[in-house]
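# Understanding the architecture of this molecule
Chain by chain, the residues:
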Amino acid sequence: MAFVSSVGRLLFASVFLLSARQEFNEFGSDGGPAAKFLRPKLDVFSSHLLTHTGVHLPKQLEIKHLVAAAIVLKGVGGLLFIFGSSFGAVLLLLHQAIATPILYDFYNYDAEKKEFNQLFLKFTQNLALFGALLFFISMKISMPKKQLRKRAPKAKTT
């Protein structure tokens, strides 16, 4: 059972690790293609956030720093997750919670548009990953720790 669990964690984390590796290889001095893709999405998300909640995102926010943070969250979280760490799952959960509503902004498109369906599908897939991470964390919390049992001394018979 432990082998199957390890393989499952490896396969699950490979999605994040391969993504982090690709973004790291393409990073460059400006954040790479991920930063170019993220800038307009973050601007739209920021305006929605301001309109609906009144919360301002900092203006001096560097996109390349956000991409670097995403790479670190996915890389470190994925590696820790492979070894069964709930902290690694929390890092991946944090990444999913921040990145999913920004990157897959289906709510900005009309339901009949092709982009709506593509973004909504990716959004729901990331929600499934989010749910799997929550499940992993809850299982780690609910499993009893291995306890050392004290052996009762045997009574000597004479």
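Our subject is the structure listed above.
Residues numbered from 1 in each chain as written. Predicted model: local features only at pLDDT ≥ 70, side-chain atom pairs only at ≥ 80, totals over all residues. Heavy atoms only, no water.

## Structural notes on the layout of surface pockets
Rolling a probe over the atoms, with the probe sized like a water molecule, indicates the empty space that remains. Heads up, the rule is: Each cavity reported here is a set of points on a 1 Å grid over the protein atoms alone in which a 1.4 Å probe fits but cannot get out, each pocket an open set with protein on both sides within 12 Å along at least five of seven lines, and each lining residue one with an atom within 4 Å of a point. Grid points are joined across faces, edges and corners, and a volume is the space filled by probe spheres set on the points. A run of H or I in DSSP counts as a helix once it spans at least four residues, and a run of E counts as a strand once it spans at least two, with each numbered from the N terminus. The nonpolar class holds Ala, Val, Leu, Ile, Met, Phe, Trp, Tyr, Cys and Pro. Asp, Glu, Lys and Arg form the charged class, and all remaining residues, Gly among them, are polar.
If you add up the space inside the largest pocket, you get close to 750 Å³. Of all elements in the fold, only helix H1 (2–25), helix H2 (32–53), helix H3 (63–82), helix H4 (86–103) and helix H5 (114–142) reach the threshold of two or more residues within the lining of the largest pocket. The residue makeup of the lining of the largest pocket, split by class, is 20 nonpolar, five polar and four charged. Empty space within the second largest pocket amounts to approximately 340 Å³. Around the second largest pocket, the lining comprises 13 residues; the ones closest to its centre are Ser 5, Arg 9, Phe 136, Met 139 and Lys 140.

## Some words on the pattern of salt bridges
Filter applied, for reference: By convention in these notes, a salt bridge is any Lys or Arg side-chain nitrogen within 4 Å of a carboxyl oxygen on Asp or Glu. In this scheme, a residue with accessible area under 20% of its type's maximum is buried, one over 50% is exposed, and one in between is partly exposed, where area comes from a 1.4 Å probe on protein chains only.
Under the counting rule described, the total for this entry stands at four salt bridges. The salt bridge involving Arg 39 is made with Asp 43; its shortest N-O contact spans 3.6 Å. Separated by four residues within a single helix, Arg 39 and Asp 43 lie in helix H2, roughly one turn from each other. Taking the relative accessible area as the measure of exposure, Arg 39 reaches 32% and is therefore partly exposed. A salt bridge links Asp 105 to Lys 41; the nearest nitrogen and oxygen atoms lie 2.8 Å apart. Here Asp 105 is found in the loop between H4 and H5, whereas its partner Lys 41 is found in helix H2, with 64 residues between them in sequence. Judged by relative accessible area, Asp 105 falls into the buried class, the value being 4%.

## Observations regarding the nonpolar core
Formally: Note on terminology: a nonpolar core comprises buried Ala, Val, Leu, Ile, Met, Phe, Trp, Tyr and Cys residues joined through side-chain atoms within 4.5 Å.
Phe 12, Ala 13, Phe 16, Phe 81, Ile 82, Ala 89, Leu 92, Leu 93, Leu 129, Leu 133, Phe 136 and Ile 137 form the largest nonpolar core, which has twelve residues in total. Mapped by element, the contributors of at least two residues to this core are H1, H3, H4 and H5. Membership of the second largest hydrophobic core comes to nine residues, among which are Ala 20, Phe 27, Ala 35 and Ile 71.

## Quick word on the packing of aromatic side chains
Each aromatic ring pair is described using two quantities: the centre-to-centre distance and the angle formed by the ring planes. Spelled out, the test is: What counts as a ring pair is set by centres within 6.5 Å for rings of Phe, Tyr and Trp (its six-membered ring), and what kind of pair is set by the plane angle: stacked under 30 degrees, edge-to-face over 60, tilted for all other angles.
Scanning all chains against the criterion turns up eight aromatic pairs. Relative to Phe 116, the ring of Phe 106 has its centre 5.8 Å away and its plane inclined at 75°; by these criteria the two rings are edge-to-face. Of this pair, Phe 106 sits in the loop between H4 and H5 while Phe 116 sits in helix H5, and the two are ten residues apart along the sequence. When sorted by exposure, Phe 106 lands in the same class as Phe 116, which is buried. Clustering of aromatic rings is evident, with ring pairs tying together Phe 106, Tyr 107, Phe 116, Phe 120 and Phe 123.

Nothing here speaks to function; it is geometry throughout.
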